[in-house]
Every structure is written in C-alpha cells, then in structure tokens.
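Chain by chain, the residues:
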Amino acid sequence: MTDHRPLSFNAPPDGAALFFGMAATLVFAPLFLGTWRPLPLMALELAALGLLGLLWLPGRLMAGAPGPGEASRAERGRPVSQPVRIFLLLLFLLPLAQLLPLPTTLWAELPGRAFYAGAMRLAGDVGEGFGWRAMSLIPSTTEAAWLTLLPPLAVFLVALRLDRERLLVLVMVFLSIAAGEALLGLIQFGRTGMGAGNALGTYTNRSHLAGLLEMALPVGLALLAAVAGHGRPAHSAGRHGRRKPTLRRWLARLTVTRINQAAALGALSLAILLGLIFTRSRTGVGLAMLGIVLCVLLFAYRLGGRNAYGVIGTITASGVGLASLIGLMPVWSRFASTDPFEDARWGIFNATVQVIGEFFPLGSGAGTFLDVMQRFHPAMFPGVVINRAHNDYLEWLLEFGLVAGVLIAVWLLLYLRQWGRVWTRGDWATFRFAQAGAGIALLLMMLHTLVEFNLRTPANAVFTAFLAGVFFHRSLHHEGSRARRPGASGEEAPRAPSTFTIAPENLRNPFGV
C-alpha cells in the first residue's frame, strides 16, 4: 500500500552521522562564493573524505548491514548497480590515469604535445629529470581537478545509502538553502550603491545562482503536488472502489498538517521563482518556464498521489501553470537583460572545438583548459582571459578526449533508464514525487550547462550530485517488491489481510457447552 503520510521532518536516530554530515555539507557548499576559493574548497574536500570514511566504517562500501533495532532497513538504499558502479569508477580514475608517467619521447608523440615538446627543447628542459612526464600537460592542475571530484562523488554515494525519510528531510534542507539564496539575491537587487541591481546570492556569477534556483524549482513544485490532498480518506471507497466526490469529503482531505506543508512549500517555490527572475539570467528564466511546463505535464493529474481532486484539480493545476508561463513571457523578453557576452560565446565555442581536434582523442588533461586556450585565443577577444568554455561538454571533451564523450553518452543512457523506473502507474508516494522533481532538475541543469559552466562551480556540482542521488535512489524494499512481482508498477504491493492462529488452549469452551 502506498505511503500517504504527511511529510516527516524527523529522521530516525540510526545512521545519524551520515545524515548530519550530509546536511552540513549541503549547507556549507554555497557559503563562501560557492566554495570557489581554495580554503573553502579544501574544507569541502575534507568533508567529502569524512563522508566516504563514514560509508566505509560499517563494512563494505554501500553494503553495510543495519544496526540493531534499525526500523528503516527496508527503506535504505540498495548497493550501487553494476552500470552505475562502472560509470563512477571510470569518472574517478580518469584524471588519475592522466597522471601516469610516460617517457618524454613517447609523450611528445601524443596528439597536441609536439608544440610543447619543441618549446621544452628550446628552453633546455629535456635534460636530467625530464626523461618522464605525465600524460597531462599540467599534472598539478589535473591533480587539483581530481580532488574537486571528491565532494560530488561522496554526496552522490551518501544519498544512495540513506533511507527515503532522511532524503526527504535533506530535500527540504536543499529547498531551504535555495530559498535563502533567492531572498539574499532579492535583497542584493534592491540595494543601492556598488553592486546594485545584481542578484548573486553567495555566488560570484548570477548564472550560477540561476542554475541552483532552476534545479530547486521543480523539486519544490513536485513536493507541493505531493502534499496537495495526498491520498484519500478511508471512507471514500464505495462499491466500485470510489465514492462520488462531495464538498464535505473534499474538505476532509485538507487536514491542518497538509495545509501548513502546502503553504510552506508554496512559499518556498514562490521565493525561488522570484529569486530566479531577479537574477536576470535569460537562460535561467527560460529553463524555469520549461520546468513549469514539465511539472504541469507530470503532476497535474497526480495531485496527492493519484489525482485526489479529480478532473477539477487537473484543470486547475494546468491553468495555474499556464498562467505562470503567460506571466513569465514578458519577463523573459524584457526584464531578463540581454548579456552581450552570450553572442560572443560562439567564438569561444569555435576556438574550443579547434583545441579538441588538436588533442583528440586523449585530451590535454583535467583542469588545463585555461592554459591551453591561451595558445588558441580568439582574435575577437583582445585583452580578455578565457578561463572557461561556457559549455561543460566541450570543455570535458577538450580535457579528457574521447573517453569524456563515452561517459556523457553512458550518463544519458543511465538517466533515461532511471526514468523508466521512476515513472510508474498507480499511486505515487511522496518520495516518488521528489524523484520525479529531481529528474526534471537534472534535465534543466544538463541543458543549462550547454551555455554555462555551472558544474565547474563546486557548490552546484554538489547540489547536482545530491539530486542525482535522490533520482537514482532505490530502496531494498522496492527491489524486493519488484522481485516478488515481475512487471509490477514499482510501488509496494497491497498487503493481504492478516490471518490469526488461535492457540490450542483457547479452542476449548470454558463453559463446557
């Protein structure tokens, strides 16, 4: 039977270290300019090592046995599936593979290295101590890039390990962080003097704040749809499993708890949307509109799990979504200012593609984009330092080569396969809504990273990994249900009526009749 309980904000006591460690990591991630500076980034990496250590302490990674008295064992995350495990392993080892030493003569024959080998010979750096070189052009930056993978990797693994109740609490923490950033951005936009009119939050780039808020918006709307009349009262079933809806029964579903939760989630979503608008990011506002459309399509006929309000609820939700889009259209065309650099990005894209061809198929090495681009600097940007490609996919191809393309394709296949598991028939539990919202959020980030470098910001990389963990989460109980009922919808099967066995001593009539 599907869980129709209200959202619970009290996590069970078992495994508290992982839960509180994850919460602290999520809160800390955006505080210091998105952890863009070295010291906050180092603290975040140390926290990631602590989380990975906590995963290993109970036993084998991702397969620790639950402790005594653990009530939520069935809802704990199952071990990582084999395809995901291989994907994570390749992602983790790829920068390390670029640090493997090669003979200088062999290194000079690799794609793109001949120019640098000639410069080394002219500089006299081919003597003693230079007989071996790492595959990467700049090993120190590759090592630093590998370390920045630790926080999102740890957050993703911990999210898979935690149970659903804790993850729902952490999702609310994530939404609260996003709402706080949105409110801070609104305050910054309304201030006077230096920096007036810029909604940045704690980030250095308004597009990165927009990236966080566009991920949070569909998650907030998904949970709002989940608590809006979630479930039906027990007396609503009639001869055919459903009674005719009446005003009294409709009002009975609006319990005080759900009204408070719906109001809180509505306020969070509204604050996030307003903060996103005031970032003045045209891409962010456009993706927010796409997110609203997808939420309407996915949740309008599932309010409360299985359309608790019937056709009227579906029409109302669709009308609210359509009205939001109509209201955002003039904002997108007028209020979201046009960034002159958006047109110039095509010049950067062309230069990046040229560099990819120079170093293909091995790449130049993780973290080397800034130094490599100086050689191919476009003439249309005199006196400007190009530190990012403004397209993470192109930058990954430049730094990692063909393997990056393979990993991107594998990720897309895993993402689409997981939608087949999340999208099920029948009633949806609250966590299923959170998973669907996280899936939409990941899609918006994948689209935004076509024109920005959101995933190069450690804070947004951590939040994206957290939502990926929610989206890919599969509990042990869920897997057991699928094993017992092949082809089932993925939700918990209805339980059979309990049978009671009467003890033999109670079968005898005490009155002798």
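See the structure printed just above.
Residues numbered from 1 in each chain as written. Predicted model: local features only at pLDDT ≥ 70, side-chain atom pairs only at ≥ 80, totals over all residues. Heavy atoms only, no water.

## Notes on the overall build of the protein chain
Counting its regular elements, the protein chain contains 20 helices and two strands. Taking all 513 residues of the protein chain together, 49% fall into the buried category. Partitioning the contacts of the protein chain with sequence separation of at least 6, the portion at a separation of at least 24 is 80%. Accessible area of the protein chain: about 24800 Å², with a carbon and sulfur share of 68%. (Helix = DSSP H or I, 4+ residues; strand = E, 2+ residues; numbered from the N terminus. Buried < 20%, exposed > 50% of the residue type's maximum accessible area, 1.4 Å probe, protein only. Contact = heavy atoms within 4.5 Å. Areas by Shrake-Rupley, 256 points an atom, 1.4 Å probe, with all protein chains shown as cover.)

## Some remarks on the pattern of salt bridges
Pairing between side chains becomes possible if they bear opposite charge and their charged atoms approach one another. Under the counting rule described, the total for this entry stands at seven salt bridges. The salt bridge involving R166 is made with D163; its shortest N-O contact spans 2.2 Å. On the accessibility criterion, R166 (4% relative accessible area) is buried. For D163, a relative accessible area of 1% translates into the label buried. Salt-bridge contacts for R456 lead to E395; the nearest nitrogen and oxygen are separated by 3.7 Å. Of the two residues, R456 is situated in the loop between α18 (430-448) and α19 (458-471) and E395 in helix α16 (residues 392-400); the sequence distance between them amounts to 61 residues. Considered together, R456 and E395 belong to a single accessibility category, that of buried residues. (Salt bridge = Lys/Arg side-chain N within 4 Å of Asp/Glu carboxyl O.)

## Observations concerning a nonpolar patch on the surface
Together, L39, M42, L46 and L49 make up an exposed nonpolar region whose accessible area comes to about 430 Å². Its place among the elements puts L49 in helix α2 (residues 38-56). (Patch = residues over 30% accessible without salt bridge, like charges linked within 9 Å, V, L, I, M, F, W, Y side chains within 5 Å.)

## With respect to the packing of helix α1 (residues 16-28) against helix α8 (residues 164-190)
Pairs of packed helices are described in terms of their axes, by the angle between the two and the distance that separates them. Relative to each other, α1 and α8 sit at 15°, their axes nearing to 10 Å. One finds that α1 runs roughly parallel with respect to α8. For the pair α1 and α8, the sense of crossing is right-handed. Residue-level inspection shows A16, F19, M22, A23, L26 and V27 of α1 in contact with α8, the latter providing R166, V169, L170, V173 and I177. (Axes fitted to C-alpha atoms, helices over the stretch in contact; angles between N-to-C directions. Parallel < 35°, antiparallel > 145°, perpendicular 65-115°, else oblique. Left-handed = near helix turned anticlockwise from the far one by under 90°.)

## Quick look at α2
Helix length check: α2, at 19 residues, gives a terminal C-alpha distance of 27 Å against a target of 27 Å (1.5 Å per residue), a fit within 8%. For α2, every residue scored as buried is listed here: P40, L41, L44, E45, A48, L51, L52 and L55. Projected down its long axis, α2 carries its buried residues within an arc of 140°, all on one side. The exposed set on the far side of α2, more than 90 degrees from its buried face, consists of L39, L46 and W56. Residues of α2 that are buried sit in contact with α1, α6 (139-148), α7 (150-161) and α19. (Expected span 1.5 Å × (residues − 1). Arc of directions from axis to C-beta.)

## What about the nonpolar core?
L175, F299, F463 and F466 are the most contacted members of the largest nonpolar core, which totals 99 residues. Per element, the largest residue contribution to this core is 13 residues, and it comes from helix α9 (residues 206-227). The next biggest cluster of nonpolar side chains, apart from the first, holds 25 residues, and it includes A108, L137, F349 and A389. (Core = buried A, V, L, I, M, F, W, Y, C linked by side-chain atoms within 4.5 Å.)

## Observations concerning the packing of aromatic side chains
If you walk through the whole model with that rule in mind, you get 21 aromatic pairs. Here the aromatic rings of F92 and W146 are separated by 5.4 Å at their centres, their planes lie at 55°, and the arrangement is tilted. Pair noted here: F92 is in helix α3 (residues 82-97) and W146 is in helix α6, with a separation of 54 residues, a long-range link. By relative accessible area, F92 is classed as partly exposed at 23%. Owing to a relative accessible area of 18%, W146 belongs among the buried residues under this scheme. Ring geometry for F471 versus F472: centroids 5.3 Å apart, planes at 85°, classification edge-to-face. Members of the aromatic cluster, each reached through a chain of ring pairs, are F87, F156, W411, Y415, W419, F471 and F472. Its end group placed over the ring of W107, R133 keeps NZ or CZ at 5.0 Å from the ring centre. (Phe/Tyr/Trp six-rings, centres within 6.5 Å; stacked < 30°, edge-to-face > 60°. Lys NZ or Arg CZ within 6 Å of the ring centre and 35° of its normal.)

## With respect to helix α17 (residues 402-422)
Each turn of an α-helix holds 3.6 residues, which means side chains three or four residues apart point in the same direction. Between its first and last C-alpha atoms α17 spans 31 Å; for 21 residues at 1.5 Å apiece the expected length is 30 Å, and the two agree. Residues A404, L407, I408, L414, Y415, Q418, W419, R421 and V422 constitute the buried set of α17. Seen from one end, α17 has its buried residues packed into an arc of 150°, which puts them on one side. Turned more than 90 degrees off the buried face of α17, the exposed positions are L413, L416 and G420.

## A word on the packing of α1 against α7
Two elements in contact, α1 and α7, have axes whose closest approach is 11 Å; the angle formed by their N-to-C orientations is 140°. Judged by the inter-axis angle, α1 sits oblique to α7. With respect to the hand of their crossing, α1 and α7 are arranged in left-handed fashion. Residues L18, M22 and T25 of α1 form the contact with α7, whose participating residues are V155, V158, A159 and R161.

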